[in-house]
Amino acid sequence: MLTNETGLSKDTFNEIFERYYRSICYFIFQLTDNRQQAEDIASECFQKVWINRMNFHELPAVKVFLYKAARNAALDYLKSVKVRSTAHDEILYFSEHSEDFVLAKIIKTQLLHYIYDKVETMSPKVKQIFNLIYRDGLSTREISQKLNTSEQHVRNVKTRALNSLKKSLTPQSLDC
Amino acid sequence: MSAEQERIEKLFRLFVDGSLTELQRIELEGYLRKHPELDALFADLSDGDAFLAREWADFVAFDPAADTRETNRSGRVRKLFLPIQIAAGLFLFLLAFAAIWFYKAAPNNRVDMQVRTERYKNDVIAGSNRAVATLADGNLLFLGDTVSTHAAAGGNAVALSEGQIRFKPLEKDRPNNGSFNSVTTPHGGQYSVILPDGSLAKLNAGSNIRFPAAFEKKRREVEILGEVYFDVVSDKTRPFIVKLPNGAQIEVLGTSFNVKAYPDDTVIKTTLEKGSVKFKAGEDALLIKPGEQIQLATQASNPVLLKRTVGLDTETSWKDGYFNFENAELKTIMKEVARWYDVDVEYKTQITEQFSILMLPRSFSISRLLELLELTGHVKFTIDGRRVTVMT
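Note that the structure is a prediction, hence the values are computed from the model and not measured.

**Details of the interface of chain B and chain A**
Of the residues lining the interface, 50 residues belong to chain B; the matching set on chain A comes to 45 residues. For the side of chain B that touches chain A, the elements supplying multiple residues, two or more each, are α1 (3–17), α3 (36–46), α4 (50–60), α5 (73–81), α6 (84–105) and β17 (292–297) of chain B. If you tally residues by element for the side of chain B that touches chain A, the top one is α1(B), at 9 residues. For the side of chain B that touches chain A, a count of residues per class yields 26 nonpolar, 11 polar and 13 charged.

Written as structure tokens, this is what we have:
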């Protein structure tokens, strides 16, 4: 349990920050398409959690609060932009007229968070290759040259990493 | 998140794990049918590792440890805590603002009814079948509801019937000499065009279509502006291509779809009724299925194609003679009104509410439509000549 009866402690808050900062930033980035704004707005949202820390007794509630605050702040930001791009207009329109637009963004974010947690459990070497492929967009050849190994090895590790994403959890552990 | 949302997220996780049971898959598919945006996400996830290749870099780039504002944990808390007074002040301000706004938003219907007759100085009748055709030989045809007067004017090239002009295919031995036909509808006009290949193009108000006197052997190319409903005759050897003002184009074989590309709109909307359609803008291309719509923001510095599922009725019912809006913004509705009734719309205030008008005949005069909108209590209009003013 992350929390206790008297709201969030400082340590708990910091743990939540470590755990959700990336997701909240990414979620806002999906709406604003602006990295700096995403980080600024995310910080504000965590600030609100800290201000309201006495009212939180369980993690799911914090999560819901964070996503709600992030959504509202991101849309407020879009509305405040003086010269708004039509892409922004579209996002504003969809987020206010379609329930599942934001829901899909949240689920997308949560899935990446989920995959991130899994990647963290991989061995350092596998993790390194995984990130060279998907974070840095390097080709198999580039990675093999960089790591001074064979292309076949890189391919093998990639397959292993993708497989371990699939098998690291049994269906029973989630299906309740 | 609601229990249902939690459940959906869980099913998605199981899908990512590759451990979705048959039953869970059926359950998930049920949710996907209900939520088109989730369906799109599901399609993204199903495409091998393309999802990771696209999203992973964006996701991991946000690093709580690299957040430069704070360097250590206790420091973070202190820093975050600092602007609490500012935040509290802002909150109170917003609360007051919201209270005023809600107070103002309370409608008062009875008074509105009494003064409506004073506000509507005149009525405006609906648009009609009207267009101007410029033929390949340079002749101009002014087309209206009555056919007889200019039946002979087009010679052998065209045939006219009520609200419709048919361009006959050129004789086979005559080469395409590079000349074009075009048909333009004014505001307050609509007209159907039968193209040389037999395809139908129905023009809404303020629209234009331009096409060669004879289509090429390999392709049928038309250019449009405004709103046009197409019912394209299938011809697998000659794709039908619609060119749009900003360089985007739509490619089809045989299908029916609606394109809305007015120069004063910021979005080009293509809605598919039957068949399939490929939409191309620059490097970007998207395929859509019936009931889906592609939206292209025309003025964005970096145009993106957006796909969404829409109610077909709201997008294509104009061609059957109806206004159909579901939870639309007033500006959207009034743009259509301005085009169909040929009026200018002036805004005294911004209206943020959404309005629905279901299947109202376009043959009704403007006052009947505006009265319906006024019944919501969120908006009032005045009509003076061809000027409509929006007030609260």
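**Details of the packing of helix α5 (residues 99–120) of chain A against α1(B)**
Look at α5(A) against α1(B): their axes get within 10 Å of each other, and the N-to-C directions meet at 45°. The orientation of α5(A) with respect to α1(B), classified from their angle, is oblique. Pair α5(A) / α1(B) crosses with right-handed handedness. For the pair formed by α5(A) and α1(B), the contact residues are Leu103(A), Ile107(A), Gln110(A), Leu111(A), Tyr114(A) and Ile115(A) on the first element and Gln5(B), Ile8(B), Glu9(B), Phe12(B), Arg13(B) and Val16(B) on the second. Its residues assigned to classes, the contact of α5(A) with α1(B) comprises 8 nonpolar, 2 polar and 2 charged.

**Quick look at the nonpolar core**
Grouped together as the largest cluster of nonpolar side chains are 62 residues, with contacts concentrated most on Ile24(A), Ile28(A), Ala42(A), Cys45(A) and Ala70(A). If one sorts the elements of this core by residue count, helix α1 (residues 10–32) of chain A sits on top with 12 residues. The residue makeup of this core includes at least three contributed by each of domain 1 (1–97) and domain 2 (121–176) of chain A. Formed by 42 residues, the second largest nonpolar core is a distinct cluster that contains Val228(B), Val252(B), Ile268(B) and Ala297(B).

**Considering the environment of Leu112(A)**
Counting through the fold element by element, Leu112(A) comes out in helix α5. We classify Leu112(A) as buried; it has 22 C-beta atoms within 10 Å. Taking C-alpha positions, Leu112(A) is 9.5 Å from Tyr26(A), a pair spaced 86 residues apart along the chain. Sequence-distant contacts of Leu112(A), defined by excluding residues within four places in its chain, comprise Tyr26(A), Glu55(B) and Phe59(B).

**Re the sheet that holds strand β23 (residues 387–391) of chain B**
Residue and element names in this part refer to chain B. The 3 strands lie next to each other as β20-β23-β22, forming an open sheet whose pairing is mixed. Bordering the open sheet on either side are β20 (344–347) and β22 (380–384), each of which pairs with just one other strand. Direction aside, neighbouring strands of the sheet carry axes that sit 20° apart on average. Judged from the 4 bridges that link them, β20 and β23 form a sheet pairing that is parallel. Across the sheet, the residue bridging to valine 345 is valine 388, located in β23. In this fold helix α9 (residues 330–341) packs onto β20 and β23, with an angle of close to 155° to the strand it touches most, β20.

About the cut-offs
Position numbers for residues count from 1 along each chain, tracking the sequence in the order it is written. Think of it this way: whatever chain is written first is A, whatever ligand is written first is 1, and the rest follow in order. Where local features are concerned, this predicted model is filtered to residues with pLDDT of at least 70; where side-chain atom pairs are given and counted, the filter is 80 or more; whole-chain, interface and lining totals use all residues. Placing a C-beta atom from the backbone of each residue, one calls two residues in contact when those atoms lie within 7 Å. Secondary structure counts use DSSP, requiring at least four H or I residues in a row for a helix and at least two E residues in a row for a strand, with both numbered from the N terminus. Polar here means any residue other than Ala, Val, Leu, Ile, Met, Phe, Trp, Tyr, Cys and Pro, which are nonpolar, and Asp, Glu, Lys and Arg, which are charged; Gly is therefore polar. Here, axes are lines fitted to C-alpha atoms. For helices the fit covers the stretch in contact, and angles between N-to-C directions go from 0 to 180 degrees. Throughout, the term roughly parallel applies to angles under 35 degrees, roughly antiparallel to angles over 145, roughly perpendicular to angles from 65 to 115, and oblique to all others. It is the rotation of the near helix from the far one that decides the hand of a crossing: anticlockwise by less than a right angle makes it left-handed, clockwise makes it right-handed. A set of buried Ala, Val, Leu, Ile, Met, Phe, Trp, Tyr and Cys residues, joined to one another through C-beta atoms within 7 Å, is what we call a nonpolar core. With C-beta atoms placed from the backbone, a residue is labelled by how many other C-beta atoms lie within 10 Å of its own: buried for 20 or more, exposed for 12 or fewer, partly exposed between the two. Where each domain starts and ends follows an automatic or database-derived domain assignment. At least two bridges found by DSSP between two strands is the condition for calling them paired.

Function-wise, these values are silent; they only describe arrangement.
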